[in-house]
Amino acid sequence: MSRIINPESAGKERTQLTRAVVLALRELIQKTSVDDQTRDLAAFIALALASIYETIDISVAAWEKRGYWVKADRFRMEWIWTQSLGGALRTALLAEDWATVAGVSAQVMQKLKEVDVPRRNQIGTPWVGAWQHMMAQPRGSGN
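Predicted, not measured: the structure shown is a model, and the values here were computed from it. (Residues numbered from 1 in each chain as written. Predicted model: local features only at pLDDT ≥ 70, side-chain atom pairs only at ≥ 80, totals over all residues. Heavy atoms only, no water.)

Considerations on the overall build of the chain
Helices and strands together make up the secondary structure of the chain, namely six helices and zero strands. Ordered by position in the sequence, the α and β elements of the chain form the string α-α-α-α-α-α. Here the chain holds 143 residues, and the buried ones make up 38% of them. For the chain, restricting intrachain contacts to residue pairs at least 6 apart in sequence, the fraction spanning at least 24 positions comes to 76%. Accessible surface, the chain as shown: approximately 8800 Å² in total, 52% of it carbon and sulfur. (Helix = DSSP H or I, 4+ residues; strand = E, 2+ residues; numbered from the N terminus. Buried < 20%, exposed > 50% of the residue type's maximum accessible area, 1.4 Å probe, protein only. Contact = heavy atoms within 4.5 Å. Areas by Shrake-Rupley, 256 points an atom, 1.4 Å probe, with all protein chains shown as cover.)

Focus: the nonpolar core
Of all hydrophobic cores here, the largest spans 37 residues; its most connected members are Val-21, Phe-44, Ile-45, Leu-49, Trp-81, Leu-93 and Val-108. Mapped onto this core, the elements with two or more residues apiece are α1 (7-30), α2 (36-65), α3 (69-79), α4 (81-94), α5 (98-111) and α6 (130-136). For this core, the leading source of residues is α2, giving 12 residues. Sequence-distant contacts of Phe-44, defined by excluding residues within four places in its chain, comprise Ala-20, Val-21, Ala-24, Pro-126, Trp-127 and Ala-130. (Core = buried A, V, L, I, M, F, W, Y, C linked by side-chain atoms within 4.5 Å.)

Side note on α2
The end-to-end C-alpha distance of α2, which contains 30 residues, comes to 45 Å, matching closely the 44 Å that a straight helix rising 1.5 Å per residue would cover. Two to three positions downstream of the cap, the backbone nitrogen of Gln-37 sits 3.3 Å from a side-chain oxygen, assigning the N-cap of α2 to Asp-35. Of the residues one or two after α2, Gly-67 is the one with positive phi, at around 90°. (Expected span 1.5 Å × (residues − 1). Polar contact = N/O pair within 3.5 Å; in protein donor to acceptor, adjacent residues only side chain to side chain.)

A short note on the pattern of salt bridges
What the rule picks out here adds up to five salt bridges. Between Asp-57 and Arg-76 there is a salt bridge; the shortest N-O distance is 3.1 Å. Here Asp-57 is found in helix α2, whereas its partner Arg-76 is found in helix α3, with 19 residues between them in sequence. Note on Arg-76: relative accessible area 23%, which makes it partly exposed. When the shortest N-O distance is used, the salt bridge between Arg-76 and Asp-73 registers 3.8 Å. Linking Arg-76 with Asp-73, this pair stays in helix α3, spanning three residues, or about one helical turn. According to the relative accessible area criterion, Asp-73 is partly exposed, its value standing at 41%. Members of the salt-bridge network, linked through shared partners, are Asp-57, Glu-64, Asp-73 and Arg-76. (Salt bridge = Lys/Arg side-chain N within 4 Å of Asp/Glu carboxyl O.)

Notes on α3
Turning to α3, its buried residues number three or more, namely Ala-72, Phe-75 and Trp-79. When α3 is viewed along its axis, its buried side chains cluster within an angular range of 65° and face the same direction. Of the exposed residues in α3, those oriented more than 90 degrees away from the buried face are Val-70, Arg-74 and Met-77. (Arc of directions from axis to C-beta.)

This is the structure:
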């Protein structure tokens, strides 16, 4: 029996992560000073963007298997920004360059402007502890 790949699970994860990123961006925009929550929010966004990027190949595997190369390439191009902006945010955050963090966050918000987050927050606060998680990872690691 062949291995079953469920591309919907990667899509569902990507949807949940994008909603959580939008929620974290809304919280980050309201911050007026740098504190532990600010670091957690920015770290969560960087880590979530890296996780979103990792879901891309999982989603396009089924299309490539069937020969839908153009569809797979379009999808990759649609989400490739998550790698570059996530990396830029991570680098700026580790350097404590808050002007760049704000600029990259604005770019991420622009990319995710169409994402709908329900008024009633069922996501919670997934960013709590993200700064420690990021600092515990090796420097070259993407997530």
